[in-house]
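# Structure assessment
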Amino acid sequence: MPLDLNSNKEPIDQNDQQYQDVLQDLQGNILKSHGRDNSVHIFLTFPNPKENLDKIRSLKQWIAQLANKDIISTKKQLDDAVAWRNEKRDAGVFVHFSLSSSGYAKLGLPNSQQPKSPNLQNRKTPDEKALNEDYADVFQDGMKTRQYALLDPPVSAWEGGFQNEIDALVIIAANDLQEVKKKQSEITNQVQNIATIATVEPGLVIRRKFNNTDDPHVVEPFGFTDGVGDPLFFQKDVVEEQGNIAKNLFSARLNLVLVQDPFGNQNVSFGSFLVFRKLEQNVQGFKKAEVALGNALGISPQQAGAMAIGRFEDGTPLVQSEKDGQKNLNDFDYSDDAAGLKCPFQAHLRTTNPRLESVRKGGPFAQSQEQELGHRITRRGVTYGAEISDYSNLDRLPKGGVGLLFMCYQSDIWEQFEFIQRFWSNNPTFLEPAMSLSRNIENKNYDRTGLDAVSGQSQPGQSDPVIQEVPQPAQNWLKERDQPTAKSDVKFANFVTLKGGEYFFSPSISFLKNLPNLPEDFTAPQLQEPIPSKTYVVRQGDDLSKIAQRAYGDESIFTLIYEANKNVIGPNPGSLLAGQILYIPILPTNIRPESGKEYVVLPNDYLFLIAERAYGDGNRFREIYEANRDVIGPDLTVLVPGQRIRIP
């Protein structure tokens, strides 16, 4: 029976007959984790169809065969889980297949035909938007273009395999490592003459035994319980969740993760957007920061680490208890800790899932419960690198080479993964002071939240386009529960580094099976021109002045482009390389200079005009000059477009 994502309002009964066709056509791992301990992730680059059309057609035949023979549906995954619970029968090898936008295009399916996000929150288009609402179908753009928005390291700093164009991802998983290796060898041999293996990333689930449960917990390299608190799409899982708060917060409707597959059967064939990011963890740096912060505050390193994560290592939520050992890890919110005196606002758990804390009608963040919960992701991830079993000798802990193969599914990458990263984790003013000010109160314990202590990102000298400043680590920490915070200069941030990744779509199985029969369109896309709020690929012969002229009609504004892309271009603004991806910033023509804020000088600006717009009195121009004499120089009549001046 067809599924209408708009009318589906709650988790479904996985045994309901009306959903069986949908579950049969949906790939596994999307609505529920595949659950295997060992995995490998094979990244493929397809040949250029203009030069190797025969290989492309052979590749499509191979994908169809993979779908017929190996790819596991959600229905089979659920049936296998029942067999494991009832009979302890191992389900064997799991296979999943995803395509990037470039992969679709090389298979003859250009951008106009590819899956699109539903824009469930009705974001404004770039032509109408405010700066922080630059909504786009970022799947088509690809992760490499999003450096300016996410504050990722430049692509030139990624691992070599990820710097290549990535067209597809094959996930292979099993409990038996030898079965994974056997299937990996089989698939590698099948594609050796029709595609290139860009890189291969093995994953291994790591577990630690804690005292609060009988079974070991899945942990990540910092040593903390991981994978707790995903959205629940099946009624059975909601019933098993302990506590009404958890049931309400994690119950999810299917449109949070599913998108109609444009090449499948209407209301039967669905897929999901998949974000993959290889995140390297500096375990030694993190653990030493725990000690340093503990020493600065007079608390234990364990307590300091819990403040950074939001949980103790055994998963006990800090907001629930001042010590570890709790059994229920999900049934909580922050309604009894509005001042952040039990769990700091910058704690990773609190920043990436505020549990309705950001909801306030007329406030600066979410206007409704539905809006905040609409940012949730279906998180899938697995560790890579050597297992760490001893954390006692800090100097022997790894600074790199271990981390998380982060994956998440969603119906809208911009609205879900990117929103969490940009507007929550990277935003040092989320949640404070904005939430307190919107309630006409003052939280004297937090002048600002600061970067998410784990996943927040910043790049030296690169302003975040949302807040127009370089994000800084948190400074307000708790010396004692329910007591005022204390300032600390310990830089508890940037212990996680992106090493590469891509945006994918995991299509319906019926699409994959039918791929060789679909019409092909290999029409080359039109050359992209530089447009404010979008990315631009540098061409041979470009320089920043030429790009600024084409983007703004004024070559003198090239400094704005350079400032927005300094980490990509490097120290010399005259050194552009063909193929570099630049963000063309918005020219803030409608932004009023405001007292106490920084203002970017526009073409044809002069101090009298700026004072007129800031104060309604142009004769106050000398106040602005005196506050910025060191920037402007001795001649107050000469302003340079792109200069940043402070409005007193």
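Above this text is the structure in question.
Fair warning: this is a prediction, and the values are worked out from it, not measured in the lab.

## Re the packing of helix H11 (residues 283-297) against helix H12 (residues 301-309)
- Contact geometry for H11 and H12: axes closest at 8 Å, N-to-C directions at 110 degrees. With respect to H12, the axis of H11 lies roughly perpendicular. Side by side, H11 and H12 meet where Phe-286, Glu-290, Val-291, Leu-293, Gly-294 and Leu-297 of the first sit next to Pro-301, Ala-304, Gly-305, Met-307, Ala-308 and Ile-309 of the second.
- Classifying every residue of the contact of H11 with H12 by side-chain character gives 9 nonpolar, 2 polar and 1 charged.

## Concerning the environment of Pro-519
- Here Pro-519 lies in the loop between helix H17 (509-514) and strand S14 (535-537).
- As a C-alpha pair, Pro-519 and Lys-534 span 15 residues in sequence and 30 Å in three-dimensional space.
- Once you skip the residues sitting within four places of it in the chain, Pro-519 turns out to touch Gly-108 and Leu-109.

## Here we look at empty space enclosed by the protein
- One pass over the full model with this rule turns up 3 cavities of 30 Å³ or more.
- Estimates place the volume of the largest cavity at around 920 Å³.
- Taken together, 39 residues form the lining of the largest cavity, with Asp-226, His-348, Thr-352, Arg-379 and Phe-406 sitting closest to its centre.
- Among the secondary structure elements, those contributing two or more residues to the lining of the largest cavity are strand S8 (270-281), helix H13 (348-352), strand S10 (403-410) and helix H15 (414-425).
- Counting residues per element, the lining of the largest cavity draws most heavily on H15, which supplies 5 residues.
- Here the residues of the lining of the largest cavity sort into 17 nonpolar, 13 polar and 9 charged.
- Empty space within the second largest cavity amounts to approximately 70 Å³.
- Along its surface, the second largest cavity is lined by Ile-206, Val-219, Glu-220, Pro-221, Thr-383, Tyr-384, Gly-385, Ala-386, Glu-387, Ile-388 and Tyr-391.
- Broken down by class, the residue content of the lining of the second largest cavity amounts to 7 nonpolar, 2 polar and 2 charged.

## As for the pairing of strand S2 (residues 94-99)
- Of all 6 residues that make up S2, 6 are buried, and the element is covered over most of its length.
- In this sheet, strand S3 (residues 168-174) lies alongside S2 in antiparallel orientation, the contact comprising 6 bridges. Opposite Phe-97, over in S3, you have Val-170 as the bridge partner.

Rules of the game
- Residues numbered from 1 in each chain as written.
- Predicted model: local features only at pLDDT ≥ 70, side-chain atom pairs only at ≥ 80, totals over all residues.
- Heavy atoms only, no water.
- Axes fitted to C-alpha atoms, helices over the stretch in contact; angles between N-to-C directions.
- Helix = DSSP H or I, 4+ residues; strand = E, 2+ residues; numbered from the N terminus.
- Parallel < 35°, antiparallel > 145°, perpendicular 65-115°, else oblique.
- Contact = heavy atoms within 4.5 Å.
- Nonpolar A, V, L, I, M, F, W, Y, C, P; charged D, E, K, R; others polar.
- 1 Å grid on protein atoms, 1.4 Å probe; cavity = no way out; pocket = protein on both sides within 12 Å on 5 of 7 lines; lining within 4 Å.
- Points joined across faces, edges and corners; volume = space filled by probe spheres on them.
- Buried < 20%, exposed > 50% of the residue type's maximum accessible area, 1.4 Å probe, protein only.
- Pairing = 2+ DSSP bridges.

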